[in-house]
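Structural overview for review
So the chains spell out like this:
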Amino acid sequence: MGIKLLLANDHIEGIRFYDAYRKNGGYSAAEKALKLAAGDIVEEVKKSGLRGRGGAGFPTGLKWSFLAKPEGVPRYLVCNADESEPGTFKDRYLMEFIPHLLIEGMIIASYALGSNRAYIYIRGEYAWIVDILEQAIAEANQNGFLGKNILGTGFDCQIYVQRGAGAYICGEETALIESLEGKRGNPRIKPPFPAVKGLWDSPTVVNNVETLAAVVPIMNMGGTEYARIGVGKSTGTKLISACGNINKPGVYEIDMTISVEEFIYSDEYCGGIANGKQLKACIPGGSSVPILPANLLLKTAKGEPRMMNYESLSDGGFATGSMMGSGGFEVLDEDQCIVRHTLSLARFYHHESCGQCSPCREGTGWMKRILHNIEYGKGKMSDIDLLWDIQRNIEGNTICPLGDAAAWPVAAAIRHFRDEFEWHVLNPEDCLKSNYGIGRYAEPLETA
Ligand SMILES: Cc1cc2nc3c(=O)[nH]c(=O)nc-3n(C[C@H](O)[C@H](O)[C@H](O)COP(=O)(O)O)c2cc1C
Ligand code: SF4
């Protein structure tokens with residue numbers, strides 16, 4: 001059994017509520033933290049090596065230390081609970097089953113950052129979790145962990161929950177801030193970064209749900225002890241939401257020292273490929289990260305076992321590696337069509353583009369239409385190179401990383417599965433019949 005820090009108590013009856021959470025050690029980290037100086041907490045988080053769990057993996061302690069502290073200006077903590085990346089559902093699990101872990105982490109972070117108002121921006125579709133969070137916040141208020149003069153320290157803090165309206169782009173931190181301010185969720189040009197000019201132009205830290213929850217075990221065990229778990233710059237534990245063609249989809253906590261092979265095939269985690277099929281490919285960190293074929297997923301290009309951590313998953317760069325991303329681990333078996341899968345992602349990114357930058361606005365739609373034609377037996381060989389050119393011209397040329405997120409899956413699919421694209425072009429009739437081309441229903445031709 002691997003080490004469990006976040007999900008150690010998720011099986012305990014009633015852990016969703018204050019009494020059971022408290023009885024099982026809950027809020028002891030907040031009690032400990034609020035006796036320290038704010039700067040000492042930031043140092044402790046730095047020592048832990050915790051990296052943001054929202055996707056980019058930026059060191060959390062460092063981010064906190066960047067927060068500007070101008071005199072007389074409020075500071076804000078914002079919890080990013082938008083979680084709209086296809087394949088990622090680990091924050092939902094934390095909030096639904098152990099909401100007090102997030103609330104406790106936010107109290108500690110707010111104290112460390114000097115923020116008296118904190119927000120949870122939650123994806124609109126998680127409507128039932130809003131009630132769970134609001135109940136947890138009410139319980140924390142009733143028991144003196146939120147509100148005025150928390151635990152007699154003179155520190156005031158309140159947490160508010162705000163629902164989004166179902167836009168993936170509102171997970172990008174500056175779009176989230178715009179949306180929280182009541183505006184359309186368009187990403188801002190950076191700099192200035194939120195740490196200097198964020199919510200209502202005030203210094204703001206935006207952190208993922210899992211990042212904030214991880215602050216609780218860090219305070220309980222100390223940053224140095226936390227950093228001993230894991231390997232290299234992948235310290236502590238990581239939640240992985242596993243889905244696709246596996247026997248046991250679900251949310252797993254890993255300590256980042258296990259191999260991808262163990263994660264997929266052991267009964268403790270995914271339990272192997274469903275229906276006795278073969279592993280074909282995997283998107284290891286949410287839909288935005290490059291897909292890896294089975295051989296590069298299980299072993300790096302150097303022939304070493306691929307491990308479930310930040311460094312190993314990205315080993316080889318995008319040529320032969322991928323990313324840990326948000327921890328959305330999607331497994332594809334031998335029957336899955338890569339062209340169809342890539343088309344499905346392209347549709348998503350086109351739909352979710354906010355439209356501010358032309359490479360993303362036009363390029364995502366263009367890629368979608370070309371992929372559609374290839375998938376439905378109307379593609380040309382030159383379309384594959386055209387797709388490659390379009391994705392290359394989107395990457396790095398946009399205001400926010402959604403453009404990259406749309407480009408990378410297309411690039412990786414062509415890089416590793418070009419033969420499947422060519423097969424579709426060469427076998428237009430079969431595209432509509434076979435498993436490769438899927439095409440179980442007819443769709444109108446889209447003009448590229
Ligand atoms: C299109 C897009 C969607 C994103 N969605 C999320 C999300 O749902 N949750 C999240 O925590 N971070 C998301 N991010 C990353 C955030 O911008 C930000 O880096 C993160 O919330 C920082 O928290 P962390 O440092 O704790 O990881 C998204 C980024 C992009 C570009
Ligand atoms: S990259 Fe796409 S989503 Fe991001 S700001 Fe530009 S148009 Fe909007």
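Per-chain numbering applies: the sequence of each chain, read as written, is numbered from 1 onward. Think of it this way: whatever chain is written first is A, whatever ligand is written first is 1, and the rest follow in order. With the structure being a predicted model, the display of local features is reserved for residues of pLDDT at least 70 and the display and counting of side-chain atom pairs for 80 or more, all residues being used for whole-chain, interface and lining totals. Hydrogens are left out, water is left out, and the side-chain values use all remaining heavy atoms of the structure.

**With respect to the sheet that holds strand S2 (residues 117-122)**
Whether parallel or antiparallel, the strands of a sheet pair through hydrogen bonds between backbone atoms. Spelled out, the test is: Paired strands, in this sense, are two strands between which DSSP finds at least two bridges. Starting at the N terminus, helices and strands are each numbered in turn, a helix being any DSSP run of H or I of at least four residues and a strand any DSSP run of E of at least two. Think of each axis as a best-fit line through the C-alpha atoms, taken over the contacting stretch in the case of a helix, with angles from 0 to 180 degrees between the N-to-C directions.
Strand order in the open sheet formed by four strands is S3-S2-S1-S4, with parallel pairing between adjacent strands. Only two strands of the sheet have a single partner each, and these edge strands are strand S3 (158-163) and strand S4 (204-208). Ignoring which end each strand starts from, the neighbouring axes of this sheet average 20° apart. Sheet analysis places strand S1 (residues 76-81) next to S2, joined by six bridges and oriented parallel. Residue pairing in the sheet places Leu77 in a bridge with Ala118 of S2.

**Some words on the site of ligand 1**
Quick note on the threshold: Whether a residue is near a molecule or strand depends on its heavy atoms: if one lies within 4 Å, it is near. Counted as a polar contact is a pair of N or O atoms within 3.5 Å, where, for protein atoms, one must be capable of donating a hydrogen and the other of accepting one, and residues adjacent in sequence contribute only when both atoms are in side chains. Residue type decides the class: Asp, Glu, Lys and Arg count as charged, Ala, Val, Leu, Ile, Met, Phe, Trp, Tyr, Cys and Pro as nonpolar, and the leftover types, Gly among them, as polar.
Residues in close proximity to ligand 1 total 18 residues, the closest being Gly54, Asn80, Glu83, Asn208 and Thr211. Contact between ligand 1 and Asn207: an oxygen atom at 2.9 Å from a side-chain N or O atom of the residue. Measuring from an oxygen atom of ligand 1, one finds a side-chain N or O atom of Asn208 at 2.8 Å. Examining the composition of the shell around ligand 1, we find that three residues originate from one element, S4, more than from any other. Across the shell around ligand 1, the residue classes break down as four nonpolar, eight polar and six charged.

**Looking at the packing of helix H17 (residues 381-394) against helix H18 (residues 402-426)**
If you want to describe how two helices pack, look at the angle between their axes and the distance between the axes. Formally: Reported orientations rely on four angle classes, namely roughly parallel under 35 degrees, roughly antiparallel over 145, roughly perpendicular from 65 to 115, and oblique for the rest. Contacts are residue-level and defined by heavy atoms, with any inter-residue pair within 4.5 Å sufficient.
Following both chains from N to C, one finds H17 and H18 inclined at 170°, their axes separated by 9 Å at the closest point. On the basis of the axis angle, H17 is roughly antiparallel to H18. For the pair formed by H17 and H18, the contact residues are Met381, Ile384, Asp385, Leu387, Trp388, Gln391 and Ile394 on the first element and Gly403, Asp404, Ala407, Val410, Ala411, Ile414, Arg415, Arg418, Phe421, Glu422, Val425 and Leu426 on the second. Among the residues forming the contact of H17 with H18, the class breakdown is 12 nonpolar, two polar and five charged.

**A closer look at the confidence of the model for the protein**
Regions with low pLDDT carry predicted coordinates that are not meant to be interpreted in detail. Put simply, the rule is: A residue's pLDDT is the confidence the predictor assigns to it, expressed on a 0 to 100 scale.
For the protein, mean pLDDT is 94; residues scoring 70 or higher make up 96% of the total. Every residue in residues 436-445 is under pLDDT 50, and counting partners more than four places away or in other chains gives 31 contacts.

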